[in-house]
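Residues per chain are reported as follows:
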Amino acid sequence: MMKGQELMNDGTLPPGLPNGTPVWWRNPHALPVDAAMARSSLDGEMVKEAEDAWEWYGPLLAQLFPETAADGGRNRSELRELNRIAGMIGLTRGRLFAKCDYALQTTGSIKARGGVFEVLTHAVDIAREAGLVEDGDDLSKLAAPEAKAFFARHRLLVGSTGNLGYSVGLAGCRLGFDVEVHMSHDAKQWKKDRLTALGACVVEHGSDFSQAVCAAREAADRQADSHFVDDERSITLFMGYAAAARELADQIEEAGIPVDANHPLHVYLPCGVGGAPGGVTFGLKRVFGDAVRCIYVEPVASPCMLVQLALGIDRPVSVYDFGLDNRTIADGLAVAQASQLVARETRHMVEGIATVSDESLLIWLTHMWRLEKMRLEPSAASGFAALVEFGGEIEVPDSDREITRVIWTTGGAYQPETEFAAALARGNDLISSM
Ligand SMILES: Cc1ncc(COP(=O)(O)O)c(C=O)c1O
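Predicted model, so just to flag it, every value in this text is computed and none were measured. Residue indices follow the written sequence of each chain, beginning from 1 at its first position. For this predicted model, a pLDDT threshold of at least 70 governs which residues receive local features, and a threshold of 80 or more governs which side-chain atom pairs are given and counted, while totals over whole chains, interfaces and linings are taken from all residues. Side-chain calculation: all heavy atoms of the structure are included, whereas hydrogens and water are not.

**Examining the domain arrangement of the protein**
Each domain's extent is set by a domain assignment, obtained either automatically or from a database. Considered domain by domain, the protein is made up of domain 1 (2-107 + 237-432) and domain 2 (111-233). Between the C-alpha centres of domain 1 and domain 2 the distance comes to 24 Å. Only heavy atoms enter the contact rule, under which two residues are in contact if any of them lie within 4.5 Å. Tallying the contact residues gives 46 residues for domain 1 and 44 residues for domain 2. The rule for a salt bridge is simple: a side-chain nitrogen of Lys or Arg has to be within 4 Å of a carboxyl oxygen of Asp or Glu. The interface formed by domain 1 and domain 2 holds 6 salt bridges in total. For this analysis, a polar contact is any N or O atom pair within 3.5 Å, provided that within protein one partner can donate a hydrogen and the other can accept it, and provided that sequence-adjacent residues contribute only side-chain to side-chain pairs. Across the domain 1-domain 2 interface, the total number found is 14 residue pairs in polar contact (both at pLDDT 80 or more). Looking at the side of domain 1 that touches domain 2, the elements that each hand over two or more residues are helix H3 (45-64), helix H10 (235-242), helix H11 (244-254) and helix H14 (340-346). A total of 10 residues in the side of domain 1 that touches domain 2 trace back to one element, the largest contributor, which is H3. Strands are runs of DSSP state E lasting at least 2 residues, helices are runs of H or I lasting at least 4, and numbering of each runs from the N terminus.

In structure tokens form, the structure reads like this:
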């Protein structure tokens, strides 16, 4: 606490942060892309390998998630232009889009890009070791009963606030794995119930996300034939997310939108532990270089990546050290301590971080339903709240340019009606009282 106070006093952190006031922090450590990439220990080619792997997994994905079959077993989401929202918030220049991961056909959240990818990668790895498949094979045979019996002898573990657990749980159970999901106290009951109904073992923790991940990691260490999907440290997860950059780039190209120094791309990414936004940022920087600016968005009570990057030190920092309580309606973003992997790898790539209030999430969840019929969960509405609150400041370096803004809407389509209706009712009340 004292250390945090000292650092705040010297201006390292935005003054409003410990009071829970929404802030915009422009990253003073951001570097031009070549210098940023040179400081990363990850090879950009790994993103290409992940893109190729997703293609190879297509026939298997189509078996496991028949909803994706029409798209060749691809885990892709729509890029939707939001003209009505742009009009409502008074955008006069440039364009506004939503990247619709909230409706990803596999598990309805961005965490599928990492979680499903890592489950498939692990399944293929162990099947290859056992001689069940070879490079280049049609992988749909891994959905057959014999493969299922093989996977049933292996265990997958994961620690999660909900959506990663659901992604790993659903893909893992459909392949036949024995799945154990460790959930933090913030995890929504319906997410736990859904996993239990799939046949996964749900271990409930009274503690926060970081401790649930730690417990899952230790449980995996104690068990033979187990694989831990590590939301804090996994490079496979990171690359699964990073592969989304090519998908977005193709959609932007198809829409005929230039992205260059005079036509910058601003991408708003909800940030929890950091894997999803970090991976996407790494992938986007590789594709668009300095023409893309990536903005992370965190709840006012859980700005874990902001404190980690702002302090710039090589040991974990927690939001609790600054008197914040990590309590937020955005369960997917309720993380007190950022991934050290992501902080290290994207420190010089992120444009900055905005924090947003729970009320603004509910208000934006409601606007997005009223105007676009998008069923978002609170975490997924955070990019809109950040754009509206801080767009003026965020866009200063590009104010005379045609900016294409992409708000990554990261989850919610598969939430139960009662859950969504309750959030909408709160959002409606907040809007009426404005
Ligand atoms: C809906 C939603 N959006 C964003 C995120 C943030 O992803 P990450 O924790 O990898 O930063 C999560 C994480 O679970 C999520 O569930």
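**Re the sheet that holds strand S3 (residues 95-99)**
Taken in spatial order, the 7 strands of this open sheet run S1-S10-S9-S8-S11-S3-S2, and their pairing is mixed. In the strand order of this sheet, the two ends are held by strand S1 (24-26) and strand S2 (79-81), each with one partner. For this sheet the average axis-to-axis angle between neighbouring strands, irrespective of direction, equals 25 degrees. Across 4 bridges, strand S8 (residues 265-270) lies against strand S11 (residues 404-408) in parallel orientation. Considered in S11, the bridge of His 266 is made with Arg 405. Most of the contacts of helix H12 (residues 275-288) go to strand S9 (residues 292-299), to which it runs at about 170 degrees, and overall it touches S8, S9 and S11. Two strands are said to pair when DSSP picks up at least two bridges between them. Only the stretch in contact is used when a helix axis is fitted, and all axes are lines through C-alpha atoms; the angle between N-to-C directions ranges over 0 to 180 degrees.

**Quick notes on the site of the ligand**
Around the ligand there are 17 residues in total, and Lys 111, Asn 163, Gly 272, Gly 274 and Thr 410 lie nearest to it. One of the backbone N or O atoms of Gly 275 is found 3.2 Å from an oxygen atom in the ligand. Per-residue and other accessible areas follow the Shrake-Rupley method at a 1.4 Å probe size, with only the shown protein chains counted as cover for residues. For the ligand, the accessible surface in isolation is 380 Å², of which the surrounding protein chains cover 98%. At 3 residues, the largest contribution of residues to the shell around the ligand is made by H12. When residues of the shell around the ligand are assigned to domains, at least three map to each of domain 1 (2-107 + 237-432) and domain 2 (111-233). We call a residue near a molecule or strand when any one of its heavy atoms sits within 4 Å of it.

**Quick look at the pattern of salt bridges**
Between side chains of opposite charge, a pair can form as their charged atoms come close. Inspection of the entire model under this criterion finds 33 salt bridges. The shortest N-O distance in the salt bridge between Asp 250 and Arg 246 comes to 3.8 Å. Of this pair, Asp 250 and Arg 246 both sit in helix H11, 4 residues apart, roughly one helical turn. Whether a residue is buried, partly exposed or exposed follows from its accessible area with a 1.4 Å probe, protein chains only, as a fraction of its type maximum: under 20%, in between, or over 50%, in that order. Here Asp 250 falls in the partly exposed class, since its relative accessible area comes to 33%. Accessibility expressed as a relative area gives 33% for Arg 246, which makes it partly exposed. Among the ionic pairs, Asp 398 bridges to Arg 401, the shortest N-O distance being 2.9 Å.

**Digging into unusual backbone geometry**
The phi torsion of most residues other than glycine is negative, and most of the peptide bonds are trans. Non-glycine residue Asp 225 carries a positive phi angle of around 50 degrees. Of note, Asp 225 is situated in the loop between helix H9 (209-222) and strand S7 (226-229).

**Some remarks on the packing of aromatic side chains**
Two rings from Phe, Tyr or Trp (for Trp, the six-membered ring) form a pair when their centres are within 6.5 Å of each other. A pair whose planes differ by under 30 degrees is stacked, one over 60 is edge-to-face, and the rest are tilted. Counted according to the given criterion, the structure contains 8 aromatic pairs. Here Tyr 57 and Phe 117 contribute two aromatic rings whose centre-to-centre distance is 5.8 Å and whose plane-to-plane angle is 40 degrees, an arrangement assigned as tilted. Pair noted here: Tyr 57 is in helix H3 and Phe 117 is in helix H5 (residues 111-129), with a separation of 60 residues, a long-range link. Taken individually, Tyr 57 and Phe 117 each receive the classification buried, so the pair is uniform in this respect. Linked through ring pairs, Trp 54, Trp 56, Tyr 57 and Phe 117 together constitute an aromatic cluster. The cationic tip of Arg 194 hangs over the ring face of Tyr 166; the distance from NZ or CZ to the ring centre is 5.9 Å. We call a charge positioned over a ring when the NZ of a Lys or the CZ of an Arg lies within 6 Å of the ring centre and within 35 degrees of the ring normal.

**Examining the nonpolar core**
Ranked by internal contacts, the top residues of the largest apolar core, which has 104 residues, are Leu 120, Leu 142, Phe 151, Leu 175, Phe 177, Leu 284 and Met 305. Examining the composition of this core, we find that 9 residues originate from one element, H5, more than from any other. Mapping this core onto the domain boundaries places at least three of its residues in each of domain 1 (2-107 + 237-432) and domain 2 (111-233). In this structure, Leu 142 is in contact with Leu 60, Val 124, Ala 127, Val 133, Ala 147, Phe 151 and Leu 175, ignoring residues within four places of it in sequence. In this description, a nonpolar core means a group of buried Ala, Val, Leu, Ile, Met, Phe, Trp, Tyr and Cys residues linked to one another through side-chain atoms lying within 4.5 Å. Counting 38 residues, the second largest nonpolar core, distinct from the first, contains Cys 100, Leu 333, Ala 380 and Phe 390.

**A short note on the UniProt feature "domain: Tryptophan synthase beta chain-like PALP" (unreviewed entry) in the protein**
UniProt positions are given in the numbering used here, feature names are shortened, and annotations may be inferred rather than shown by experiment. Cross-referencing UniProt, the feature "domain: Tryptophan synthase beta chain-like PALP" (unreviewed entry) maps to residues 76-391 in the present numbering. The span residues 76-391 is 45% helix and 16% strand, and its two end C-alpha atoms sit 27 Å from each other.

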